[in-house]
Amino acid sequence: MELIAEEVSDGWILDIIRSWLTIGVMTKQGREETTEGTPQGGVISPLLANIYLHYFDKKMTRRGYKLVRFADDFIIMAKSKAKAEHALEVTRQIIENELNLRLHPRKTVITNFYDGFKFLEFRFHHYQFKTPKESSINSFKDKVRDITRRNRPLGVAVIIDELNLVIRGWGNSFKIGDVKNLYEKLDQWIRMRVRSFMEKKKAVMYQNYRLPNKMLRNLGLKSLLTDVL
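Everything numeric in this text was worked out from a predicted model, so none of it was measured.

K.L.:
Sorry if this is basic, but what is going on with the overall build of the chain here?
P.N.:
Helix and strand counts for the chain stand at 9 helices and 7 strands. Relative to its length of 229 residues, the chain is extended, with a C-alpha radius of gyration of 24 Å against a globular reference of 17 Å. Overall size of the chain, expressed as C-alpha extent along the three principal axes, is 70 × 50 × 30 Å. A sequence separation of at least 24 residues applies to 49% of the contacts in the chain between residues at least 6 apart. Carbon and sulfur atoms make up 52% of the accessible area of the chain, which totals about 15,800 Å². The distance from the centre of the 40 positive side-chain charges to the centre of the 27 negative ones in the chain is 10 Å.

K.L.:
How should the pattern of salt bridges be read in this particular structure?
P.N.:
Where charged atoms from two side chains of opposite charge approach closely, those side chains can pair. Evaluated as defined, the whole model comprises 8 salt bridges. Among the ionic pairs, Arg149 bridges to Asp146, the shortest N-O distance being 2.5 Å.

K.L.:
Even after reading the chapter, I still don't get the nonpolar core, so can you show me in this structure?
P.N.:
Nonpolar side chains in soluble globular proteins tend to end up buried together. If you look at the biggest cluster of nonpolar residues, it comprises 30 residues, and the most contacted ones within it are Phe140, Leu163, Ile167, Trp170, Ile190, Leu221 and Leu224. Broken down by element, the residue count for this core peaks at 8 residues, all from helix 6 (residues 156-174). Setting aside residues no more than four positions away along its own chain, Leu163 makes contact with Val144, Ile147, Thr148, Ile190, Val194 and Leu221. Phe56, Met60, Tyr65 and Ala87 belong to the second-largest nonpolar core, a separate cluster that totals 11 residues.

K.L.:
Before we go on, may I ask you to explain the sheet that holds strand 7 (residues 129-132) in this structure?
P.N.:
Hydrogen bonds along the backbone pair up the strands of a sheet, which may run parallel or antiparallel. A sheet is described by the order of its strands in space; here 3 strands give the open sequence 5-6-7, paired in antiparallel fashion. At either margin of the open sheet sits one strand with a lone partner, and together these are strand 5 (117-119) and strand 7. The mean inter-strand angle of the sheet, taken between neighbouring strand axes irrespective of direction, is 30°. One ladder, built from 3 bridges, connects strand 5 with strand 6 (residues 122-125); its direction is antiparallel. Residue pairing for strand 6: Lys118 is matched across the bridge by Arg123.

Parameters and conventions
Residues numbered from 1 in each chain as written. Predicted model: local features only at pLDDT ≥ 70, side-chain atom pairs only at ≥ 80, totals over all residues. Heavy atoms only, no water. Helix = DSSP H or I, 4+ residues; strand = E, 2+ residues; numbered from the N terminus. Rg over C-alpha atoms; globule rule 2.2 N^0.38 Å. Contact = heavy atoms within 4.5 Å. Areas by Shrake-Rupley, 256 points an atom, 1.4 Å probe, with all protein chains shown as cover. Lys, Arg positive; Asp, Glu negative; His and termini not counted. Charge placed at Lys NZ, Arg CZ, Asp CG, Glu CD. Salt bridge = Lys/Arg side-chain N within 4 Å of Asp/Glu carboxyl O. Core = buried A, V, L, I, M, F, W, Y, C linked by side-chain atoms within 4.5 Å. Buried < 20%, exposed > 50% of the residue type's maximum accessible area, 1.4 Å probe, protein only. Pairing = 2+ DSSP bridges. Axes fitted to C-alpha atoms, helices over the stretch in contact; angles between N-to-C directions.

This is a description of form; function is not addressed.
Here's what the structure looks like:
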């Protein structure tokens, strides 16, 4: 609130923001008080996090560090392990002593491009550059499996419409990565899932006939490789 008040003088706005911070959160057990921090999932929480951590950004960049941050996830780049270790000491000083926050004990690590590291939903590695994390790929496949469950009482057109939303959404999120080979393999897997669904539903004339890709395209099924990438 002190940092916001440096830029905002309207008392009504400050009161609204303060109420967002102190109103509490709803859980299965009922309403819980929020005595510190900003509520996870709150509509204004990402903005407040950026305002609060902007102090950290400024102090690190003034010291010459290369910093990339998204909300409370960040990476600091250094040219040697010794410089990285020093950067961690500086980070801990600012985050814990000046901002009264805590670094995550398991996620706070010193690594390099050869060993690879994860940032946001990407995995960075020297020979792959960046690809979706394994957990992100698994989450996407779980959604596809759920949509193409063979016991769903829905028509093929509805299933394909649902799939297309997931394909476009997930595909656009990761298309900036090195994903050509991955998207090609996932396309093959998705088509297999759709074929299995259609054969189970007796939605094609010949049950033992393998539906060609062109027919699936004609039915409207989108492709990660050609429609997204």
